[in-house]
Amino acid sequence: MSNILRNIPSVNELLESAPLKALSEQANRNVVVAGVRDFLDDLRKEVQDKAKEMNLPNPAELAERIADWIKQDEIPLLRPVVNATGILLHTGLGRAPLAEEAIHAVQEVSDGYASLEVDLASGERSQRVKCVQKLLQQLTGAEAALVVNNNAGATLLTLSALANGKEVVVSRGQLIEIGGSYRLPDVMSQSGAKLHEVGTTNKTRIGDYQQAIHSDTAAVMKVHPSNYVVVGFSEQPTLQQLVDLGHRRNVHVIDDVGSGALIDYGKYGITDEPIVSESIKAGADVVLFSGDKLLGGPQAGIIVGKRELIDRITKHPLTRAFRVDKMTLAALAATLRIYRDQDSVEQKIPLLSLLSTSVENLQNRAERIAPQIATCPVVAAVEVTEDVSYLGGGSVPSQQLPTRCLAITPAGQSVDQLSAALRAGSPSVFGRVKRDSLLIDLRTVFPRQDMQIVAALKALSGLENEASEATPPLETLDESDIAD
Ligand SMILES: *Cc1c(COP(=O)(O)O)cnc(C)c1O
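Residues numbered from 1 in each chain as written. Predicted model: local features only at pLDDT ≥ 70, side-chain atom pairs only at ≥ 80, totals over all residues. Heavy atoms only, no water.

1. Considerations on the packing of helix H8 (residues 151-163) against helix H13 (residues 307-315)
Where H8 meets H13, the axes come as close as 9 Å, and the angle between the chain directions of the two elements is 105°. The angle between H8 and H13 places the two elements in the roughly perpendicular class. Side by side, H8 and H13 meet where Leu 157, Thr 158, Ala 161 and Leu 162 of the first sit next to Leu 309, Arg 312 and Ile 313 of the second. Across the contact of H8 with H13, the residue classes break down as five nonpolar, one polar and one charged. (Axes fitted to C-alpha atoms, helices over the stretch in contact; angles between N-to-C directions. Helix = DSSP H or I, 4+ residues; strand = E, 2+ residues; numbered from the N terminus. Parallel < 35°, antiparallel > 145°, perpendicular 65-115°, else oblique. Contact = heavy atoms within 4.5 Å. Nonpolar A, V, L, I, M, F, W, Y, C, P; charged D, E, K, R; others polar.)

And the structure:
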């Protein structure tokens, strides 16, 4: 064993090798030196553990391996990808892409200092959410607004501030789970509020709520079921009915609408998404929604409603724990500003651009790309097919959007292998496996990315010299991508 250890080249010897010398010229030399040391430490441990049977690679091979290992770490794990899954709000892929205006705003405020918590006129300390309050008031009709980290945070905070130690009435048909860790009953118990379930899974009537309200009730809460639908023999009271009841009985009405639609998505084939301003108009006291779902902005939890309640929520200690930074606020303000001119939203909010792309446009692009993909040796056949895309991001999976896909049959490898290779490639492309083909769904692909997909497939075929570094593949697409 000690022999083997003695045969391991020194750090300096290795740094003189061709691959590591080349790497030191491209990357930071300190990073390379530290990488070599780490690799050798691991190697020595391995030698000690495995004792005799180890065969050391020769020095040239060893240097090559270390260089590859260091290079892997130089590619950020979080990097841009092409979303060809057809899931518009894919939580695994970062939900909504930001508008150019939002990106610009983020850059401007993060380049140096920003007026995050000061009033420019008086120089006095002010509230950081002020920059979006007026916009949210205008766009939703609410008296006041608050922004926190995400809607899960908004829900926990609202319940903690308004219902700690008291009961909140929720229909059994609305006790949602959004992707694993978000379960409404758990959020509720964490807030200190007591869940009072009423009705059944499929039917809850206004009378059920009525009977449940007593002196210990703080609120009734309506929750948009988002990722599932109860169809058939089913019934839920309207928000208006809940508001009438709540106000008669002096309890708050909280409406978790989920996606945060500021406009009607009906014309894109998305029905059933509550519009925030309509909840406010119906009289909900507090309305909760996400910033990075249908709104098409940064991750955020938005709370709008009655001033007195928003003030109470704002004073709760969790508000500080869930607060957003200047980059989020800048991106959100810029995104909201776009909504003031409804004629420009389709053009400026990327999610809406994707949603509003015509099937003819997708068909034309697919027909243009297909012959180029067909020439790649990793591709046995490619076909333009009709299929459906999903909104994702906690929306109802039954809401499907028409689309066009490139259905690729791989040559010399399985569909899963090709799919994994594309994910790990450069650029990284995420498709959707359907039976024996890999679908590239153009509904979620920006036109500027069409040629990137061709380039990625060419790179895999060794046609271009773009090395595709093997990185740990993300999980393949499954049900939860659509659900959360
Ligand atoms: C998505 C969703 C949440 C969670 O929102 P995040 O912003 O992901 O934390 C809560 N409630 C509903 C109804 C949702 O759709």
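2. A look at the pattern of salt bridges
According to the stated counting rule, one finds 21 salt bridges in the structure shown. Two residues, Arg 323 and Glu 117, come together in a salt bridge whose shortest N-O distance is 3.9 Å. Linking Arg 323 in the loop between helix H14 (317-321) and helix H15 (326-339) with Glu 117 in the loop between helix H6 (100-111) and helix H7 (130-140), this pair joins segments that are 206 residues apart in sequence. Assessed through its relative accessible area of 15%, Glu 117 is described here as buried. Salt-bridge contacts for Lys 203 lead to Glu 235; the nearest nitrogen and oxygen are separated by 3.3 Å. Of this pair, Lys 203 sits in the loop between strand E7 (194-198) and helix H10 (206-212) while Glu 235 sits in the loop between strand E8 (217-223) and helix H11 (239-248); the two residues are 32 residues apart in sequence, bridging distant segments of the chain. The exposure class of Glu 235 is partly exposed, given its relative accessible area of 34%. (Salt bridge = Lys/Arg side-chain N within 4 Å of Asp/Glu carboxyl O. Buried < 20%, exposed > 50% of the residue type's maximum accessible area, 1.4 Å probe, protein only.)

3. Structural notes on the state of the cysteines
In total, this model carries zero disulfides according to the counting rule given. Between Cys 376, a cysteine without a disulfide, and Cys 405, which holds the nearest cysteine sulfur, the sulfur-to-sulfur distance is 18 Å. (Disulfide = S-S within 2.5 Å.)

4. Looking at the sheet that holds strand E11 (residues 301-305)
Reading across the sheet, the seven strands line up as E3-E11-E10-E9-E8-E4-E7 and stay open at both edges, with mixed pairing between neighbours. In this open sheet, the two edge strands, each paired with only one partner strand, are strand E3 (144-148) and E7. Between one strand axis and the next, the sheet turns by 25° as a mean value, whatever way the strands run. As defined by bridge partners, E8 adjoins strand E9 (residues 252-258) across five bridges and the pair is classed as parallel. When the sheet's bridge partners are listed, Val 223 is paired in E9 with Asp 256. Along the sheet, H7 contacts E3, strand E10 (286-290) and E11; its crossing angle with E3, the most-contacted strand, is approximately 120°. Contacts between H13 and the sheet are confined to E3, E9, E10 and E11, with E3 contributing the most and set at about 30° to the helix. (Pairing = 2+ DSSP bridges.)

5. Some remarks on the site of the ligand
Around the ligand, the structure places 13 residues, and the nearest of them are Ala 152, Ser 226, Asp 256, Ser 290 and Lys 293. Interatomic distance of 2.8 Å between a backbone N/O atom of Ala 152 and an oxygen atom of the ligand. Between the ligand and Ser 290 there is a distance of 2.7 Å, counted from an oxygen atom to a side-chain nitrogen or oxygen. Calculation on the ligand without its partners gives an accessible area of 380 Å², and the protein chains cover 95% of this total. Sorting the residues of the shell around the ligand by element identifies H8 and E9 as the ones contributing at least two each. (Near = heavy atom within 4 Å. Polar contact = N/O pair within 3.5 Å; in protein donor to acceptor, adjacent residues only side chain to side chain. Areas by Shrake-Rupley, 256 points an atom, 1.4 Å probe, with all protein chains shown as cover.)

6. Some points on a negative patch on the surface
On the surface, a cluster of negative charge is made up of Asp 38, Asp 42, Asp 73 and Glu 74. Within the secondary structure, Asp 38 is located in helix H4 (residues 29-50). Residue classification places Asp 38 among the partly exposed positions, given a relative accessible area of 41%. (Patch = residues over 30% accessible without salt bridge, like charges linked within 9 Å, V, L, I, M, F, W, Y side chains within 5 Å. Lys, Arg positive; Asp, Glu negative; His and termini not counted. Charge placed at Lys NZ, Arg CZ, Asp CG, Glu CD.)

7. A closer look at the sheet that holds strand E15 (residues 432-434)
As summarised here, the arrangement of the five strands in space is E2-E12-E13-E16-E15, forming an open sheet in which the pairing is mixed. Both edges of this open sheet fall to strand E2 (87-89) and E15, since each of them pairs with a single strand only. Strand-to-strand twist of the sheet, defined as the mean angle between neighbouring strand axes without regard to direction, takes the value 40°. Bridging between strand E13 (residues 400-410) and strand E16 (residues 437-441) involves four bridges; their strand directions are antiparallel. Note on E16: the bridge partner recorded for Ile 408 is Leu 438. Where helix H19 (residues 415-424) meets the sheet, it contacts E13, E15 and E16, and its direction lies at approximately 40° from that of E16.

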